[in-house]
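Overview (structure and organization)
Here's the letter readout for the chains.
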Amino acid sequence: KAYAEVTLSKIQPPKVDHPIDGALTIESWVKLEEGIDANDGILAVERKLDISFADGHPRVRAGNKDIVVAKGTITPGRWMHVATVRDETGIWKLYLDGKPDGTATEPDRHTVDELRIGGTLAGGGTKGMLAEFRIWMGERSPRQIKAHFARTIEADAPGLVFHGLREATWGD
């Protein structure tokens, strides 16, 4: 099934009706333009957290500190799947194309609310596209990430609180 390509400059962030304090999973297909830097990312939570791609490496940044950086890099012009998982203890894990690629050594417990899809703490804007953007309540297992990263998920899947880029709110 083909993924819809959405230009990030046209995205309006979803209204957050369900802030998440505990375990969660955020995943998306990304296709970034040349010149990947700290302005490129999947999402930002104002002054708290972002999932970005400085130097082409996916990373989770809490405040002014990288807490986990992937070993692998994003290839400009190529669709790649990025998943970030926070467990109940606040430890983040990164996955690239369904494979584990980094684990934080210290926790982050920022509430995920007031988010900006395609934004970063650096304040720029992502130069590229996202597809199949998903936010899950709870920690998706490595097996779930690998089994579902290349599939379209139904919008009413258990635990899925936001799916796609055109929804106005997180799941009901």
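The following refers to the structure shown. (Residues numbered from 1 in each chain as written. Predicted model: local features only at pLDDT ≥ 70, side-chain atom pairs only at ≥ 80, totals over all residues. Heavy atoms only, no water.)

**Brief notes about the pairing of strand β2 (residues 24-32)**
What counts, and what does not: Buried means the residue's accessible area, taken with a 1.4 Å probe over protein chains only, is under 20% of the maximum for its type, while exposed means over 50%, and partly exposed covers the values in between. Under the DSSP-based scheme used, a helix requires at least four consecutive residues in state H or I and a strand at least two consecutive residues in state E, with every element numbered from the N terminus. Note on pairing: two strands pair once DSSP finds at least 2 bridges between them.
Across the nine residues that make up β2, a large majority, eight, are buried. Here β2 runs beside strand β11 (residues 128-137); their pairing, made up of eight bridges, is antiparallel. Following the sheet pairing, Val30 is matched in β11 by Leu130.

**Structural notes on the sheet that holds strand β3 (residues 41-45)**
Put simply, the rule is: A fitted line through C-alpha atoms serves as each axis, taken over the contacting stretch for helices, and the angle formed by two N-to-C directions is quoted from 0 to 180°.
The five strands lie next to each other as β6-β5-β4-β3-β10, forming an open sheet whose pairing is antiparallel. At either margin of the open sheet sits one strand with a lone partner, and together these are β6 (65-69) and β10 (115-117). Pairs of neighbouring strands in the sheet enclose a mean axial angle of 15°, with direction left out of account. Pairing between β3 and strand β4 (residues 49-52): four bridges, direction antiparallel. Across the sheet, residue Val45 finds its bridge partner in β4, namely Leu49.

**Considering unusual backbone geometry**
The backbone of Arg47 sits at a positive phi, close to 60°, despite the residue not being glycine. Within the element layout of this structure, Arg47 appears in the loop between β3 and β4. Not every positive phi belongs to a glycine, and Glu132 is a case in point at roughly 50°. With respect to the secondary-structure elements, Glu132 resides in strand β11.

**A few points about the pattern of salt bridges**
Our working definition: The term salt bridge refers to a side-chain nitrogen of Lys or Arg lying within 4 Å of a carboxyl oxygen of Asp or Glu.
Per the stated rule, a full pass over the model turns up 13 salt bridges. In this structure, the salt-bridge partner of Asp66 is Arg59, at a minimum N-O distance of 2.6 Å. Overall, the relative accessible area of 9% leaves Arg59 in the buried class. Three or more residues joined by partner-sharing salt bridges are found here, namely Glu27, Glu132 and Arg134.

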